[in-house]
Amino acid sequence: MKTVKILTVVFGMLLMFGTLANAGIVDVIEYPTGYFAPGATTSSPYYRWWDEDWGWAHNPIAGSITTAELSISAYDVDAPSEVDNIYAWENGGWTLLGNLAGLNNDWGYTTFNLGSEFFDEIAAGLQVYMDIDTTHTYNYWAVTLAKSALSINGGTIPPPCPGCGVIPEPATMSLLGFGVLGLFGLRRKRS
């Protein structure tokens, strides 16, 4: 009976770690909550305007990539009137992915699918650039960012709001729970 319980716990742990290893990867660039706080002021650093563009780089992600998505969380995107273009570095130049979609006075993600032409750039550390309010050359539309989430192979991205963490997948949490219960049962049996 003791051997069966040990094998059950070991199998559960292997299943859990196998699931975690095959789960998607997410690299999140999150800015400090206080820096990108909407409503505190209408000027930088809380909001940025047409001549205050952003650029950042994700961490390199090694391994096999089958799918990739870039999700950018922004606040107060007044699309379609406001046009904030998102570019990613690809093969020696900037490639336009599209523009942010969003609502006035709300946090939300805009997601861009990245094709296989970006996989080498992801492995090296994907560079991203945001051109704010491309239709004006004066302070007309402003926007603020919270997160840039690079999801590889279906990784779960965190909520769009600043300071909100990643929500664990239910299957991962169930497997972790079963593993802990198995270890607790084994320890209790020994006592």
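Everything that follows concerns the structure shown earlier in this document.
Rules behind the numbers
Residue numbering note: each chain is counted from 1, following its sequence as written. Only residues with pLDDT of 70 or above have their local features reported here, since the model is predicted, and side-chain atom pairs are shown and tallied only from 80 upward, although totals for entire chains, interfaces and linings are computed over all residues. With hydrogens and water set aside, each side-chain value is computed from the structure's full complement of heavy atoms. Elements are defined by DSSP. Helices are runs of H or I of four residues or more, strands are runs of E of two residues or more, and each kind is numbered from the N terminus. Throughout this description, buried means an accessible area under 20% of the type-specific maximum (1.4 Å probe, protein chains only), exposed means over 50%, and partly exposed covers the range between. Only heavy atoms enter the contact rule, under which two residues are in contact if any of them lie within 4.5 Å. For two strands to count as paired, DSSP must find a minimum of two bridges between them. As a rule, the C-alpha atoms of each element are fitted with a line to give its axis, helices using only the stretch in contact, and angles between N-to-C directions run from 0 to 180 degrees. Nonpolar core, defined: a set of buried Ala, Val, Leu, Ile, Met, Phe, Trp, Tyr and Cys residues in which side-chain atoms within 4.5 Å join the residues together. We call Phe, Tyr and Trp rings a pair once their centres come within 6.5 Å, taking the six-membered ring for Trp, and we label the pair stacked below 30 degrees between planes, edge-to-face above 60, and tilted otherwise.

Caption draft 1: Region of interest: the overall build of the chain. Within the chain one finds three helices and eight strands. Its helices and strands in sequence order give the chain the pattern α-β-β-β-β-β-β-α-β-β-α, from N to C terminus. Within the chain, the fraction of its 191 residues that count as buried is 37%. Partitioning the intrachain contacts of the chain with sequence separation of at least 6 by distance along the chain shows that 76% fall at a separation of at least 24.

Caption draft 2: Region of the structure containing the sheet that holds strand 8 (residues 144-152). On the basis of which strands lie adjacent, the open sheet formed by four strands has the order 1-8-3-6 and antiparallel pairing. The outermost strands of the open sheet, each flanked by one partner alone, are strand 1 (25-30) and strand 6 (107-114). Each neighbouring strand pair of the sheet contributes to a mean axis angle of 20 degrees, computed without reference to strand direction. Sheet topology places strand 3 (residues 68-75) next to strand 6; eight bridges connect them, and they run antiparallel. Directly across from Leu70, in strand 6, lies its bridge partner Phe112.

Caption draft 3: Summary view of the nonpolar core. Formed by 27 residues in total, the largest nonpolar core has its most connected members in Ile72, Ile86, Leu114, Ile122 and Met130. For this core, the elements supplying multiple residues, two or more each, are strand 2 (54-57), strand 3, strand 4 (85-90), strand 6, helix 2 (119-124), strand 7 (127-131) and strand 8. A total of four residues in this core trace back to one element, the largest contributor, which is strand 3. Here Leu114 is in contact with Ala68, Glu69, Leu70, Leu97, Phe119, Ile122, Leu126 and Leu150, once residues within four sequence places are set aside. The next biggest cluster of nonpolar side chains, apart from the first, holds six residues, and it includes Tyr47, Tyr75, Trp107 and Ala142.

Caption draft 4: Main features of the sheet that holds strand 2. With antiparallel pairing, four strands are arranged side by side in an open sheet as 2-7-4-5. Single-partner strands in this sheet number two, and they are strand 2 and strand 5 (93-99). For this sheet, the mean angle separating the axes of adjacent strands, direction not counted, is 25 degrees. When strand 2 meets strand 7, the two strands line up antiparallel, connected through four bridges. Counterpart to Trp54 in the pairing with strand 7 is Met130.

Caption draft 5: Highlighting the packing of aromatic side chains. Taken as a whole, this structure holds six aromatic pairs when the rule is applied. Ring plane angle 45 degrees and centroid distance 6.0 Å describe the contact between Tyr87 and Tyr129, whose orientation is recorded as tilted. Taken together, the positions of Tyr87 in strand 4 and Tyr129 in strand 7 put the pair 42 residues apart, joining distant regions of the chain. On the basis of relative accessibility, which here comes to 19%, the residue Tyr87 falls in the buried class. Between Tyr140 and Trp141, the aromatic rings sit 5.3 Å apart at their centres with planes inclined by 80 degrees, giving edge-to-face as the arrangement. Owing to a relative accessible area of 45%, Tyr140 belongs among the partly exposed residues under this scheme.

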